[in-house]
Structure formats: structure tokens, C-alpha cells
Amino acid sequence: MTKHSTDSGIEIAQLYNQPIPLQEQAGAFPFTRGIQPDMYLGKLWTMRQYAGFSTAEESNKRYKYLLANGTMGLSVAFDLPTQIGYDSDHSMSEGEVGKVGVAIDTLRDMEILFDGIELQKITTSMTINATAATLLSFYIALAKKQGADIKQISGTIQNDILKEYAARGTYIYPPKPSMRLITDIFEYCSKEVPKWNTISISGYHIREAGSTAVQEIAFTLSNAKAYAKAAIEKGLDINVFGQRLSFFFNAHNHFFEEIAKFRAARRMWAKMAKELGATNPKAQMLRFHTQTGGSTLQAQQADNNITRVTLQALAAVMGGTQSLHTNGFDEALSLPTENAARIALRTQQIIAYESGVVDTVDPLGGSYFIEALTDEVEKAAWAYIDKIDAMGGSVNAIEQGYMQKEIADASYRYQTSIESGEKIIVGVNKFASENDANPPVFKIDDSIRVLQTQKLQQLKAERNNVAVSLLLAKLEQQAKDGSNLMPGIIEAAEQYATLGEIADVFRKVFGEYHA
């Protein structure tokens, strides 16, 4: 009899036939079955399509297109120079401006990006980490200019630097000053922007780097513990900042393991938060956004990716996600075209309005298989967390290269299984076709850097450069004396200091991290 296992190596029994009592209720600790008693019966997940490319003008057009087609919230992708603190005219930005996201150099770009969109009426997620404080400051400055009450604006910044050291690589500063920037954001937002989710602790990129599902939640929750401890050490109350923590997970191909992963992660974080001192149920809840697995998309027979994305999105919904992005079927080839983005959004809408899976809470709860698998995923994830705790926590584990090696080893095993044919990828190592026709691709012109440079030159000629210099000098002193940096960054942003100028202040004081 052939034995099967999940992608994390958990052996799957041929039949699960032991009844498991379901004493846990949705909306109650430890939230295995969902964070709300009525889940999607009360409110659907937010359909938040991730988009951003080229200039702010072009991305603004895509946002309006998505909103017109039923997207409930915006999710901003930034280009690589923006992510690592370089203005578009910097030599390090050459060849990368506007390529994997939108180029944002100043508050002026942010004004254009959200032209005609009222920030108080939408929620916005921003996938930004090392420069999260600056992009959030641009957003807050724009909200003020629009006349919004910043205590009412809502959204999320990713702001998760630890996974950058472990898996992704878009860090700037060493870990300790990076953690300071994060806790400064926690402290500032808890008082001034209380509806903002100040961090989205990300397993998505850990999974994209090649981890298993078990490693994804184990390393993510270990990082979450490190952030929470740093905030507590700063004197912040976990019952306050804990309500604004959110998580970001991948939805991969193994349908049942992904559902079990989401359920296990909720249960585990509830226990961890309680151990850290959280008594408020809202501070014990694991709220998460999901994106379908980019690394699972194939360039061969690209239309097949529609099916992959559908299964992954369905797993996220059955697992109780709070918001969801579905990838375009053509993203193994390029940024998504408008047609691919629309199909991706329609996939979510068909699941929501036609499938019936939203008609009951935790529809797979009580399945012998799902309940047993949830327990197995949790057990395996705790084993990793115990190892990391023994090393002194996530920062030490990352500095020792432990997480990086575990991810690399898992990635190697997965790729080897594909190359050997043990793992079948339809259209790649089985059922291949010789005459695959690739869909039209979406291309970004290299002239974008020229346009952005011209805009920067014009802005610097128009702004009050004396005021900018004084505010940057003030920010440098605040970086040295331990003050909360958010008010100073916002002041500089409002005078149109550039992203790169602000990042260079911190480079000067904190230095740069080299792996």
C-alpha cells in the first residue's frame, strides 16, 4: 500500500476514523475554528488585490480599475529601490525603478498614487519593511492633507524585518536599530493612529524561499514572539499593541495541510500571546492575510495556474483568513495584465458568492483528517519553536543562520523531489506540451527612471530646502538620543524630504547590515 505525506513530511493515514470532540467554539480561545463566532456569515474576508508598478500615475489607474471591479481594499507593491531606501535617481536604482512595484520617492508620489481615493474610506496594506516607518509617514501626511482624522484611518504595514534577514534580503540596518524602528511605530500608532495594524508578521516570504508549511508558521510565530517581547521591554502593553498585530501567510498547493496550518497557527498564537501576558481576547487572536503561492506558479501551461490559485484561495477561506490576494495566472512570466488581475479577483468572488463554503463556520471542523492534521502540524511547529527558544529567540537563531539553513534544506529537498519525478508538477515534469503558447506579458519600460528623476529634480527645486535640511538634522539627533522617530519622520515627509534622504540619516547613525 502506497504511503503519502504532506509537503512538510507529515505521514497521511489511509483513513481517519477516530471521532474528535469539538468542544472549542469559533470566536473563543484558542480560536482554532476562527476568530469570530459567525466568521463569513457576518462579514466576508477583504478581497485585497496586491498591485503596484511603474509610476504612481500608472498604479493609481490600476487601483481605480480594481476598486471598480469589486476589490474591497488596496495592497501596495513597492519597487526594489523604495524597499531598500534609495531614491529613483540613485546609482543603485538603475534597472529596477518601477519594475516589481511602484516607485515612491516622496510625499508627492504618494499624493499621485492615491489621487481621487479617500484614505479614510478604504483600508490600505503596504508591503514594506526596512523603510516602513517612512512610507507610513508619507501615508499619514497625505491623510492629513486630505483632511482625514488620522485616528480613523486603517490599514497595515508589513514592517517585519526579521524575515528579511532569514529569507528575503531587503534589509538596510542591523537588527537592533531595525527593532527600535518597529517598536517606535508600535508606540506612536497606539496613541495617534490606533486603527492601524502596525506589523504584518510574514510567513509568506519564508514559504516562498522554500520552507515547509510547518517551518512557515514556526518561524513566523517565533518572530512574532520576538517583536512582542521587544515591545513589552519598551514598556508597551500587549493588551493594546497586541490588538494591532497581524500575520501574513502563504497558501500553497497541499489543500488539506494548508487548512490545518491556518487552524494550528491561530491556536498556537493564542497560547503564546496568553503566556506573554495578553488577557484581552482581541490581543490573543491571530488575524491574518493570505496570498496564494507565487512560487507555485509555472511558466509552462500558464493557464493551469488559474486552477492552482483557485485551490489555494479555497484553502485560505476554509482556513479562516481575514483578507486574501489571489495571484494572476501570468505572474510566472511578468507582472499581471489587467485581464489576469480581473480573473484573480473573480476567483475570490466565485468562492464567496457561488461555492457555499461561506455558509457555515469552519466547514471542515470535525473532519477526522483535518483535526488530526491540525494537531500534527502544531506538534511539529512547537518542536521548531522550542529549538529557537533554546537559542535565545529568533534574533539569535537568525544570526546563527539556523532558520536560513532549515529553509535552504527544505527548498533543496522539494526541488530534488520534483527533478526526480517523485513530486508531480502538471505541465512541468509530467503532462508537458511541446507547443505551449504563452499569454501576452505586461512590460515596464526602463524610461520610468528618467521620468522619476525629472520629478525629483523639479520637486527639489520647488520645496523649502532649508527646512528639509533642518528637519533631517533634527531627525539625526533623535536617532542618536533614543527619541521616538515617527514624529520626526512625519515632519520631514510633510516638507517633501525624500525616502532616500531619510534612509541616509539612519544609515549614518545605525550603519548597514551585511550578512
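For the structure itself, consult the block above.
Reading guide: rules and limits
- Residues numbered from 1 in each chain as written.
- Predicted model: local features only at pLDDT ≥ 70, side-chain atom pairs only at ≥ 80, totals over all residues.
- Heavy atoms only, no water.
- Helix = DSSP H or I, 4+ residues; strand = E, 2+ residues; numbered from the N terminus.
- Rg over C-alpha atoms; globule rule 2.2 N^0.38 Å.
- Buried < 20%, exposed > 50% of the residue type's maximum accessible area, 1.4 Å probe, protein only.
- Contact = heavy atoms within 4.5 Å.
- Areas by Shrake-Rupley, 256 points an atom, 1.4 Å probe, with all protein chains shown as cover.
- Lys, Arg positive; Asp, Glu negative; His and termini not counted.
- Charge placed at Lys NZ, Arg CZ, Asp CG, Glu CD.
- Axes fitted to C-alpha atoms, helices over the stretch in contact; angles between N-to-C directions.
- Left-handed = near helix turned anticlockwise from the far one by under 90°.
- Nonpolar A, V, L, I, M, F, W, Y, C, P; charged D, E, K, R; others polar.
- Expected span 1.5 Å × (residues − 1).
- Salt bridge = Lys/Arg side-chain N within 4 Å of Asp/Glu carboxyl O.
- Phe/Tyr/Trp six-rings, centres within 6.5 Å; stacked < 30°, edge-to-face > 60°.
- Pairing = 2+ DSSP bridges.

A. Summary view of the overall build of the chain. If you tally the helices and strands in the chain, you get 20 helices and 11 strands. Whereas a compact globule of 515 residues would reach a radius of gyration of roughly 24 Å, the chain reaches 22 Å, a difference of no more than 12%. Considered along the principal axes of its C-alpha atoms, the chain spans approximately 75 × 60 × 45 Å. Here the chain holds 515 residues, and the buried ones make up 58% of them. Restricting to contacts in the chain with at least 6 residues of sequence separation, those with at least 24 account for 78%. Total accessible area computed for the chain in this model is approximately 20,600 Å², and 51% of it derives from carbon and sulfur atoms. Side-chain charges in the chain split into 50 positive and 59 negative, and the spacing between the mean points of these groups amounts to 4 Å.

B. The packing of helix H1 (residues 56–68) against helix H13 (residues 338–354), seen in detail. Close contact between H1 and H13 brings their axes to 11 Å; oriented N to C, the two are set at 35°. For the crossing formed where H1 meets H13, the hand is right-handed. Of the residues in H13, those touching H1 at Arg62, Tyr65 and Leu66 are Glu338, Ala341, Arg342 and Leu345. A per-class count over the contact of H1 with H13 returns 4 nonpolar, no polar and 3 charged.

C. View of the side chain of Thr292. Its place among the elements puts Thr292 in strand E10 (residues 288–292). For Thr292, a relative accessible area of 0% corresponds to the buried category. Residue contacts for Thr292: discarding those within four places in its chain leaves Tyr204, Asn250, Ala251, Val309, Gln312, Ala313, His325, Thr326 and Asn327.

D. Representation of H1 within the structure. Between its first and last C-alpha atoms H1 spans 18 Å; for 13 residues at 1.5 Å apiece the expected length is 18 Å, and the two agree. Looking only at H1, the buried set comprises Ala56, Ser59, Asn60, Arg62, Tyr63, Tyr65 and Leu66. Where H1 is buried, its residues touch strand E3 (46–51), strand E4 (73–77), helix H3 (107–113) and H13. Positive phi appears at Gly70, one or two residues downstream of H1, with a value of about 110°.

E. Representation of the pattern of salt bridges. Going through the model one piece at a time under the given rule, you end up with 31 salt bridges. Residue Arg207 is joined to Glu216 by a salt bridge in which the shortest nitrogen-to-oxygen separation is 2.9 Å. No difference in accessibility class separates Arg207 from Glu216, as the two residues are buried. Across the pair Asp389 and Lys225 runs a salt bridge whose closest N-O atoms are separated by 2.9 Å. On the criterion of sequence distance, the pair formed by Asp389 in helix H14 (residues 368–390) and Lys225 in helix H8 (residues 213–233) is long-range, its members being 164 residues apart. Lys225 sits in the buried class, given a relative accessible area of 14%.

F. Expanded view of the packing of aromatic side chains. Enumeration according to the criterion identifies 22 aromatic pairs in this entry. Taking 5.2 Å as the distance between ring centres and 55° as the angle between the ring planes, the aromatic pair formed by Tyr139 and Trp196 counts as tilted. Note that Tyr139 is positioned in helix H4 (residues 132–145) and Trp196 in strand E7 (residues 196–197), a separation of 57 residues in sequence. When the centroid spacing of 4.9 Å and the interplanar angle of 0° are considered together, the rings of Tyr204 and Phe248 count as stacked. You can see Tyr204 sitting in helix H7 (residues 204–208) and its partner Phe248 sitting in strand E9 (residues 245–251), a full 44 residues away along the chain. Like Tyr204, the residue Phe248 is buried in the burial classification. By the ring-pair criterion, three or more aromatic residues cluster together here, those being Phe247, Phe249, Phe262, Trp269 and Phe288.

G. Representation of the sheet that holds E9 in the model. The strand order E7-E6-E5-E4-E3-E11-E10-E9-E8 describes an open sheet built from 9 strands, whose pairing is parallel. Taken across any chain shown, the strands that pair with only one partner, and hence form the sheet edges, are E7 and strand E8 (199–202). One ladder, built from 3 bridges, connects E10 with strand E11 (residues 323–325); its direction is parallel. Within E11, the position partnered with Thr290 by the bridge is Leu324. Set on the sheet, H4 makes contact with strand E5 (123–127), strand E6 (154–157) and E7; between it and E5 the angle comes to about 155°.

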